[in-house]
Amino acid sequence: MSDSLIDPTDPPERQAEKLREIAEVLMRRVEQATDDGGAAYAQFRRAVLLEDQVRARTRDLEHALDLLNESNARLAEANRATETARADLANAIETLQEGFALFDQSDHLVLFNSRFVMQMPDVRDRLCPGLRFHDYVEAVSRSRYLTLPEGETPEIWASRRRARHRDNPHTVINISLLGHRWVQVSDHRTEDGKTVILQTDITDIMRSERRERSRMLDDQARLVRATLDHINQGVCIFDSAHRLVGWNRKVGAMLSIPVAQFRLGADFDRLFGQLAADRALRFDIAPTELLDWVHHTERRPPLRFGLGRGETLMLDVLAEEMPDRGFVISVSDITAERRAAGALAEAKAHLEQRALARTLALEDALSVAERANASKSRFVAAASHDLLQPLSAARLYVSSIAEDATLPAHREVLGRAETALESVEQILEALLDISTLDSGQAAVAPGPVPLRELYTRLQTDFAPHAALKGLELRVLPRDLTLRTDPGYIRRILQNLVSNAIRYTGCGRVLVGARRQGQSLRLEVWDTGPGIAEEDQEAIFREFHRLNARASASEGMGLGLAIVERACARLGHPLGLWSRPGHGSGFFVTVPLAETAAPKPAPKALPAEPSPGLVALLIEADPEIRRALPMLVGKWGVDVIDVADIDEALTLLAEIDLKPDAALIEHRHGAQTGPGHGLGALSLIETRYGPIPACIVSAERSPDLAAACRARGAELLTKPLSPAALRAFFAEIAQSERT
């Protein structure tokens with residue numbers, strides 16, 4: 001009932017008054033009641049409870065009023081403190097000796113002191129809180145007290161001022177005012193984006209600097225005067241009006257002009273007229289050309305000319321313009337230099353004649369040497385080729401007989417003969433390599449070369465040779481990839497390992513590699529006799545062997561010569577370490593490839609040739625035509641041997657037969673044509689279609705190898721290897737079975 005009688009929105013005094021009225025009414029009703037049912041007592045209890053609630057509510061209201069009064073007191077105190085701080089800030093800003101202004105984040109003026117732009121009254125009158133920075137700059141740029149730089153308009157000045165304010169959080173500029181006064185203006189951006197501007201009067205500082213600069217200029221002028229008097233050149237300085245403003249004593253002595261004629265402000269035309277009147281002087285330009293240069297209205301380039309007085313005096317004159325349109329003329333005595341230059345020119349001409357004669361003699365000697373070297377290379381190549389032809393036939397004959405030999409003694413003799421032929425083949429190949437490298441025609445094709453495969457092949461090839469001499473051969477491969485020519489790097493390492501085994505009597509040969517940044521140093525160490533320091537250069541000469549008693553089967557001293565030339569051709573540094581009695585080490589530094597070379601899939605060994613294969617052999621050498629059929633006939637391969645392509649086409653047409661394979665000679669030194677090699681293969685395939693082919697040649701050029709790969713033909717070099725022939729025919733037989 002009480003909740004419905006009292007409005008909570010009424011003030012506490014009003015609510016208390018209502019409660020008192022309600023209590024009085026209830027008490028009167030209790031006193032007037034005559035019923036015996038206890039209704040009056042119940043009303044009395046409710047009145048008492050209501051009075052308690054009124055008291056509790058009254059206490060709460062009084063507490064709330066106390067809190068409200070306390071908050072109002074604190075707020076009043078804070079307002080007083082704020083006003084005090086604002087007043088203190090205003091007083092502090094006003095006490096500053098500099099002009100001060102604060103712009104808010106939107107570049108509107110918040111407050112400023114009385115010294116801000118006090119030097120510009122016409123701008124000061126426009127200052128008020130809320131003024132935009134743009135309008136403030138515009139007013140400053142058009143102030144009549146502002147002195148703008150030469151050639152700059154108020155619009156340009158205002159644009160530059162706003163740009164610096166926008167782009168730089170902290171800027172400092174100096175503003176020139178009327179009456180030779182200056183103000184330094186500093187803009188500083190606060191962390192919350194406001195801008196503080198400080199203005200400092202720097203007039204005294206600028207005037208002091210100008211006085212100091214003037215004093216320094218006077219000192220510099222005295223120093224320049226003393227310097228001019230002590231240099232070896234004569235110097236005249238003229239201002240933009242062509243008046244003399246500086247000179248030294250030497251210029252009068254050099255030009256034979258009396259000292260009395262040199263005075264401050266003397267006109268150039270008058271001085272030059274007196275100089276030109278001296279008939280003993282010789283100009284190497286027209287005198288009017290110098291006058292035109294002096295009176296030229298545009299920018300004047302430096303002008304240099306010579307003056308001479310008989311044979312006793314030669315002068316070098318240089319006229320140069322200064323930034324203020326004045327000019328300087330310097331005069332140098334070059335008499336001694338000219339005489340020395342003449343003597344030097346005469347000596348040079350004499351030396352040139354001698355050098356020309358010596359050059360012609362050297363060119364003749366070089367031409368003779370080049371012809372001799374080319375002749376030697378051609379002779380070696382031709383001789384090697386001519387020797388490879390019968391050597392190839394001999395190896396085929398020996399291989400053919402070896403398969404039929406049954407007695408051990410016969411097999412031993414044939415084995416020694418084959419070994420001797422292999423030694424001759426190695427010597428011829430070395431001669432060919434030397435000839436190719438010396439002629440400069442060795443072509444290299446750098447590519448990724450897996451080191452592990454290279455070292456594994458070395459282990460396989462040379463382990464038997466080392467075992468025969470009782471040596472330990474250790475090859476330590478690594479899973480790295482080189483970037484080099486695969487054929488040449490293999491030949492380099494083969495020669496180094498072969499040389500180490502040949503000259504090592506006991507102990508071991510170690511082949512390893514050390515990484516050096518982006519390169520790998522390939523190393524071959526041995527425990528041989530070592531090489532004396534005086535012999536370490538000689539070992540790389542061809543046909544040079546330290547052990548003169550070595551037999552021809554052990555080499556002719558070409559291995560290291562080939563290594564040195566091949567390393568030079570590939571650009572791989574070659575190093576050597578050796579101590580007599582302790583062994584030697586050879587090092588070849590090769591760059592690493594950026595990516596590893598793809599590992600080729602293992603190639604399955606071919607089976608034995610099948611009987612019934614028919615092979616066409618085109619070979620000009622009759623001995624090879626007789627020896628090769630004897631060898632391959634034992635493998636069940638029938639051979640049709642002819643001397644040239646015409647005979648081959650005629651014979652095939654007569655018997656109407658397409659051969660299963662073709663072995664075609666490529667003649668050394670001849671151009672590729674229809675009569676041999678790939679040209680002959682093209683003629684055969686035009687008539688009979690694709691045929692498995694093998695090009696046989698004593699030529700070992702990379703171009704021929706690339707051409708054979710492009711045609712899908714194999715290339716076998718002479719002397720022919722029986723194992724390579726067997727593999728060729730076995731692969732053809734295997735492809736036919738599949």
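Residues numbered from 1 in each chain as written. Predicted model: local features only at pLDDT ≥ 70, side-chain atom pairs only at ≥ 80, totals over all residues. Heavy atoms only, no water.

Asker: What's the story with the sheet that holds strand 21 (residues 661-666) in this structure? I'm lost.
Answerer: Note: strands within a sheet are paired through backbone hydrogen bonds, in either parallel or antiparallel orientation. With parallel pairing, 5 strands are arranged side by side in an open sheet as 20-19-21-22-23. Since the sheet does not close on itself, it has two edges, and those belong to strand 20 (637-642) and strand 23 (714-717), each with one partner. On average, each strand axis in the sheet is inclined to that of its neighbour by 20 degrees, with strand direction left out of account. Two elements, strand 19 (residues 613-618) and strand 21, share 4 bridges in a ladder whose sense is parallel. Bridged to Ile618 within strand 21 is Ile664. The strands that helix 16 (residues 622-633) touches are strand 19, strand 20 and strand 21; relative to strand 20, the one it contacts most, it runs at about 170 degrees. Helix-sheet contacts for helix 19 (residues 702-711) involve strand 21, strand 22 (693-697) and strand 23, and the interaxial angle to strand 23 is about 145 degrees. (Pairing = 2+ DSSP bridges. Helix = DSSP H or I, 4+ residues; strand = E, 2+ residues; numbered from the N terminus. Axes fitted to C-alpha atoms, helices over the stretch in contact; angles between N-to-C directions. Contact = heavy atoms within 4.5 Å.)

Asker: Would you take a moment to explain the packing of helix 17 (residues 645-655) against helix 18 (residues 677-688) for this structure?
Answerer: Between two packed helices, the angle of one axis relative to the other and the distance separating the axes together describe the packing. Taken N-terminus to C-terminus, the directions of helix 17 and helix 18 make an angle of 20 degrees; their axes are 10 Å apart at the nearest point. As far as their axial angle goes, helix 18 and helix 17 are roughly parallel. The hand of the helix 17/helix 18 crossing is right-handed. Two secondary-structure elements touch here, helix 17 through Ile645, Leu649, Leu652 and Ala653 and helix 18 through Ala680, Leu683, Ile684, Arg687 and Tyr688. (Parallel < 35°, antiparallel > 145°, perpendicular 65-115°, else oblique. Left-handed = near helix turned anticlockwise from the far one by under 90°.)

Asker: Help me understand the packing of aromatic side chains in this model?
Answerer: How two aromatic rings sit relative to each other is set out by the distance from centre to centre and by the angle between their planes. The tally for this structure, following the rule as stated, stands at 14 aromatic pairs. Centroid distance Phe268 to Phe272: 5.8 Å. Interplanar angle 10 degrees. Geometry classified as stacked. One end of the pair is Phe268 and the other is Phe272, both in helix 9 (residues 268-276) and 4 residues apart, which spans about a single turn. With a relative accessible area of 4%, Phe268 lands in the buried category. By relative accessible area, which is 6% here, Phe272 ends up buried. Both rings, one in Trp293 and one in Phe327, keep their centres 5.8 Å apart while their planes meet at 85 degrees; by these two values the pair is edge-to-face. One end of the pair, Trp293, is in helix 10 (residues 287-294); the other, Phe327, is in strand 11 (residues 327-333), and 34 residues separate them in sequence. Comparing Trp293 with Phe327, the two get one shared label, buried. Aromatic rings pair up to connect Phe238, Phe268, Phe272, Phe283, Trp293, Phe305 and Phe327 into one cluster. The residue whose ring lies beneath Arg521 is Phe587, and the NZ or CZ to ring-centre distance is 4.3 Å. (Phe/Tyr/Trp six-rings, centres within 6.5 Å; stacked < 30°, edge-to-face > 60°. Buried < 20%, exposed > 50% of the residue type's maximum accessible area, 1.4 Å probe, protein only. Lys NZ or Arg CZ within 6 Å of the ring centre and 35° of its normal.)

Asker: Would you mind going over empty space enclosed by the protein with me for this structure?
Answerer: If a probe the size of a water molecule is rolled over the atoms, the empty space left behind becomes visible. Evaluation of the coordinates by the stated rule reveals 4 cavities of 30 Å³ or more. One number sums up the size of the largest cavity: a volume of about 190 Å³. Along the wall of the largest cavity there are 16 residues; nearest its centre are Cys236, Leu255, Phe268, Leu275 and Ile329. At the level of elements, strand 6 (234-238), helix 9, strand 9 (303-309) and strand 11 are the ones that each hand at least two residues to the lining of the largest cavity. No other element matches the 4 residues that helix 9 contributes to the lining of the largest cavity. (1 Å grid on protein atoms, 1.4 Å probe; cavity = no way out; pocket = protein on both sides within 12 Å on 5 of 7 lines; lining within 4 Å. Points joined across faces, edges and corners; volume = space filled by probe spheres on them.)

Asker: Honestly, the sheet that holds strand 9 in this entry has me stumped. Any pointers?
Answerer: Overall, antiparallel pairing links the 6 strands, which are arranged 7-6-11-10-9-8 in an open sheet. One side of each edge strand has no neighbouring strand; the edge strands of this open sheet are strand 7 (244-247) and strand 8 (281-283). Each neighbouring strand pair of the sheet contributes to a mean axis angle of 20 degrees, computed without reference to strand direction. Relative to strand 9, strand 8 runs antiparallel, the two sharing 3 bridges. Its bridge partner lying in strand 9, Phe283 is registered against Leu307. Where helix 9 meets the sheet, its contacts fall on strand 6, strand 7, strand 8 and strand 11, and the angle it forms with strand 8 comes to roughly 115 degrees.

Asker: Before we go on, may I ask you to explain the environment of Arg478 in this structure?
Answerer: Tracing the chain through its elements places Arg478 in the loop between strand 13 (472-475) and strand 14 (481-484). What Arg478 contacts, discounting residues up to four positions off in sequence, is Leu451, Arg452, Ala513, Arg514, Arg515 and Leu520. At 3.4 Å, the side chain of Arg478 and the backbone oxygen of Ala513 are in polar contact. (Polar contact = N/O pair within 3.5 Å; in protein donor to acceptor, adjacent residues only side chain to side chain.)

Asker: Even after reading the chapter, I still don't get the environment of Ala241, so can you show me in this structure?
Answerer: Position of Ala241 among the secondary structure elements: in the loop between strand 6 and strand 7. Judged by relative accessible area, which is 39%, Ala241 ranks as partly exposed. Counting along the chain gives 54 residues from Ala241 to His295, while the straight-line C-alpha distance between them is 9.5 Å.

Asker: Please clarify how the packing of helix 5 (residues 133-141) against helix 6 (residues 154-167) should be interpreted in this entry.
Answerer: It is the contact of helix 5 with helix 6, at a shortest axis distance of 9 Å, that shows an interaxial angle of 145 degrees. Between helix 5 and helix 6 the crossing geometry is right-handed. Contact residues: Phe133, His134, Tyr136, Val137, Glu138, Val140 and Ser141 in helix 5; Pro154, Trp157, Ala158, Arg161, Arg162 and His165 in helix 6. Looking at the contact of helix 5 with helix 6 residue by residue, the class counts come to 7 nonpolar, 3 polar and 3 charged. (Nonpolar A, V, L, I, M, F, W, Y, C, P; charged D, E, K, R; others polar.)

Asker: Help me out: how do you make sense of the confidence of the model for the protein in this one?
Answerer: Atom-level detail of predicted coordinates should not be read off regions where pLDDT is low. In this model, the protein carries an average pLDDT of 78, and 77% of its residues clear a pLDDT of 70 or more. For residues 548-554, every residue scores under 50 in pLDDT, and the model assigns this stretch 6 contacts once sequence neighbours within four places are set aside. (pLDDT = per-residue confidence, 0-100.)

Asker: Quick question: what am I supposed to make of the side chain of Thr589 here?
Answerer: Inspection of the secondary structure assignment puts Thr589 in strand 18 (residues 583-591). Each residue touching Thr589, except ones within four places of it in the same chain, is listed here: Gln516, Ser519, Leu520, Arg521, His572 and Pro573.

Asker: Sorry, what's going on with the nonpolar core here?
Answerer: Note that soluble globular proteins tend to have their nonpolar side chains buried in a common cluster. In this structure, Tyr455, Leu482, Ile492 and Leu522 are the most contacted members of the largest nonpolar core, which totals 38 residues. Here the element with the most residues in this core is helix 14 (residues 486-503); it accounts for 8 residues. When residues no more than four places from it in sequence are discounted, the contact partners of Leu482 are Gly447, Pro448, Val449, Leu451, Leu454, Leu520, Leu522, Val590, Pro591, Leu592 and Ala593. (Core = buried A, V, L, I, M, F, W, Y, C linked by side-chain atoms within 4.5 Å.)

Asker: Help me understand the pairing of strand 6, please; the structure alone is not making it clear to me.
Answerer: In regular strands, side chains alternate between the two faces of the sheet. Extensive coverage of strand 6 is indicated by the burial of 5 of its 5 residues. Both faces of strand 6 are covered, namely the face carrying Gly234, Cys236 and Phe238 and the face carrying Val235 and Ile237. Here strand 6 pairs with strand 11 via 5 bridges, running antiparallel. Residue pairing for strand 11: Ile237 is matched across the bridge by Val328. Relative to strand 7, strand 6 runs antiparallel, the two being bridged by 3 bridges. Each bridged residue has a counterpart across the sheet, and for Phe238 the counterpart in strand 7 is Leu244. Taken together, strand 6 and the strand that follows it, strand 7, pair antiparallel across an intervening segment of 5 residues, in which His242 is found at a positive phi of about 65 degrees.

Asker: Sorry if this is basic, but what is going on with the pattern of salt bridges here?
Answerer: Pairing between side chains of opposite charge can happen when the charged atoms of each approach one another. Applying the stated rule across the entire model yields 23 salt bridges. A salt bridge links Arg142 to Glu155; the shortest N-O distance between them is 2.7 Å. Here Glu155 lies in helix 6 and Arg142 lies in the loop between helix 5 and helix 6, a separation of 13 residues in the sequence. According to the relative accessible area criterion, Arg142 is partly exposed, its value standing at 48%. Between Asp201 and Arg181 there is a salt bridge, and its shortest N-O distance comes to 2.9 Å. With a gap of 20 residues between them, Asp201 in strand 5 (residues 195-201) and Arg181 in strand 4 (residues 181-189) connect regions that are remote in the sequence. (Salt bridge = Lys/Arg side-chain N within 4 Å of Asp/Glu carboxyl O.)

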